[in-house]
Amino acid sequence: MPYTPPPELAGLSLAQIAEAVAERKLPPIEQWSPENVGESHMRIAADGTWYHDGSPISRPAMVRAFAGLLTRETDGSYWLVMPYQKLAIEVEDACFIATDVSETEGDLAFRINTDELVVAGPENPLRAAGDAEQPALYVHVRRGCEARLNRSTYEQLARIALEHGDDWTVRSGGERFTLLPA
């Protein structure tokens, strides 16, 4: 079956975005407890490129498949979890890159580099990191994994914040998020 990415964010209502999020069928990795633990020899670079044994993974479908198996433990380690095996994966910065944002019906929807949609809110908070010289914004995607906003998405979000005032905050899902690092 061919892959069809979701439509552009700007043309979707909040209900359509929520439907697209709900349609994403993820493997139930929380139910799996594999005893075979090892190393994946995989790395996610800071720019969002996935590598295996030093070579980039060029097939987007493979990246999407692996992304559905990702989790982050409380100790900060990242894993690919399958029913029979749990493999460590190196993550340089964030698991995903947020490539677009749209304010729809008062909420913020993000598209990430795996074509998934995420609506910011209590379960998917925004986090400001870095410093005034090099700020970084992240949105929680799932299972402890975040997406770092790329430069253009950061600029889009800054414009949205400035449309609502000059305190560099945004609202989504009933929550208020600052765009300024602490």
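The preceding data block contains the structure.
Quantities reported herein were computed from a predicted structural model and do not represent experimental measurements.

So what about the pattern of salt bridges? Which residues, and what values?
As enumerated under the stated definition, the model contains 10 salt bridges in all. Arg159 is paired through a salt bridge with Glu155; the nearest N and O atoms lie 3.9 Å apart. Note that Arg159 and Glu155 are positioned in helix H3 (residues 151-163) at a spacing of 4 residues, about one turn of the helix. Counted as one network, the salt bridges with shared partners bring together Arg151, Glu155 and Arg159.

Tell me what's going on with the layout of surface pockets, and back it up with residues and numbers.
Space inside the second largest pocket adds up to approximately 210 Å³. Of all the secondary structure elements, the ones that give two or more residues to the lining of the second largest pocket are strand S11 (135-142), strand S12 (145-149) and H3. Tallied by class, the residues present in the lining of the second largest pocket amount to 5 nonpolar, 1 polar and 3 charged.

Requested: an account of the nonpolar core, with residues and values cited.
Formed by 40 residues in total, the largest nonpolar core has its most connected members in Phe110 and Leu157. Excluding residues that lie within four positions of it along the chain, Leu157 makes contacts with Val101, Leu108, Phe110, Leu126, Leu137, Leu149, Val170 and Leu179.

Rules used in this analysis
- Residues numbered from 1 in each chain as written.
- Predicted model: local features only at pLDDT ≥ 70, side-chain atom pairs only at ≥ 80, totals over all residues.
- Heavy atoms only, no water.
- Salt bridge = Lys/Arg side-chain N within 4 Å of Asp/Glu carboxyl O.
- Helix = DSSP H or I, 4+ residues; strand = E, 2+ residues; numbered from the N terminus.
- 1 Å grid on protein atoms, 1.4 Å probe; cavity = no way out; pocket = protein on both sides within 12 Å on 5 of 7 lines; lining within 4 Å.
- Points joined across faces, edges and corners; volume = space filled by probe spheres on them.
- Nonpolar A, V, L, I, M, F, W, Y, C, P; charged D, E, K, R; others polar.
- Core = buried A, V, L, I, M, F, W, Y, C linked by side-chain atoms within 4.5 Å.
- Buried < 20%, exposed > 50% of the residue type's maximum accessible area, 1.4 Å probe, protein only.
- Contact = heavy atoms within 4.5 Å.

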